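Here is what each chain is made of, one letter per residue.
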Amino acid sequence: MKILCVCGLGQGTSLILRMNVETVLREMGVSADVEHMDVSSASGMAADYIVTSNELAQSLGGTDAKIIIVNNYFDQGEIKGALEENLQ
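For clarity, every value in this text was computed on a predicted model and none was experimentally measured. (Residues numbered from 1 in each chain as written. Predicted model: local features only at pLDDT ≥ 70, side-chain atom pairs only at ≥ 80, totals over all residues. Heavy atoms only, no water.)

Overview of the nonpolar core
Right, on to step 1. One finds Val21, Val51, Ile68 and Leu83 to be the most contacted residues of the largest nonpolar core, which totals 27 residues.
Right, on to step 2. Looking at this core, the elements that each hand over two or more residues are strand E1 (2-7), helix H1 (12-28), strand E2 (33-38), helix H2 (39-42), strand E3 (49-52) and helix H4 (76-86).
Right, on to step 3. The biggest single contributor to this core is E1, with five residues.
Right, on to step 4. Dropping the residues within four chain positions of it, Leu83 is found in contact with Val21, Val24, Leu25, Met28, Val51 and Ile68. (Core = buried A, V, L, I, M, F, W, Y, C linked by side-chain atoms within 4.5 Å. Buried < 20%, exposed > 50% of the residue type's maximum accessible area, 1.4 Å probe, protein only. Helix = DSSP H or I, 4+ residues; strand = E, 2+ residues; numbered from the N terminus. Contact = heavy atoms within 4.5 Å.)

Here it is, written out as structure tokens:
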């Protein structure tokens, strides 16, 4: 399974999101290839899931990946809830 963590510029915020997603996935016992990048790069990448904010999700309309919305990239509880809800 491939998961992209996406922010506007693909620098700090998406890296933090990626680290938190990896931590949560480890706790859940789920194995995945997790990458971080900017929204324009993500729209052309093949992935199973994209984790991003509601605002940026609107820019990813052309992707086949399932979009998972997370409002607070630092809140592992919110990230865990969103992943559990969508990774079924």
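Read on, since the account is not over.
Regarding the side chain of Ser53
Right, on to step 1. With respect to the helices and strands, Ser53 occurs in the loop between E3 and helix H3 (54-57).
Right, on to step 2. Filtering out sequence-adjacent residues up to four positions away, Ser53 remains in contact with Ile69, Val70 and Tyr73.

A short note on H4
Right, on to step 1. Turning to H4, its buried residues number three or more, namely Ile79, Ala82, Leu83 and Asn86. The arc enclosing the buried residues of H4, seen along the axis, measures out at 95°, which places them on a common side. Residues of H4 that are exposed and point more than 90 degrees away from the buried face comprise Gly77 and Glu85.
Right, on to step 2. At the N-terminal end of H4, a side-chain oxygen is found 3.0 Å from the backbone nitrogen of Gly77, two or three residues along, and the residue is Asp75. (Arc of directions from axis to C-beta. Polar contact = N/O pair within 3.5 Å; in protein donor to acceptor, adjacent residues only side chain to side chain.)

Focus on the pairing of E3
For a regular strand, side chains alternate in direction, first toward one face of the sheet and then toward the other.
Right, on to step 1. Going residue by residue along E3, you find Tyr49 and Val51 tucked away on one face and Ile50 and Thr52 tucked away on the opposite face as well.
Right, on to step 2. Of the pairings in the sheet, the one linking E1 to E3 comprises three bridges and is parallel in character. Looking at the pairing, Cys5 lines up with Val51 of E3.
Right, on to step 3. Where E3 lies against strand E4 (residues 66-69), four bridges are found, and the strand directions are parallel. If you follow Val51 over to E4, its bridge partner there is Ile68. (Pairing = 2+ DSSP bridges.)

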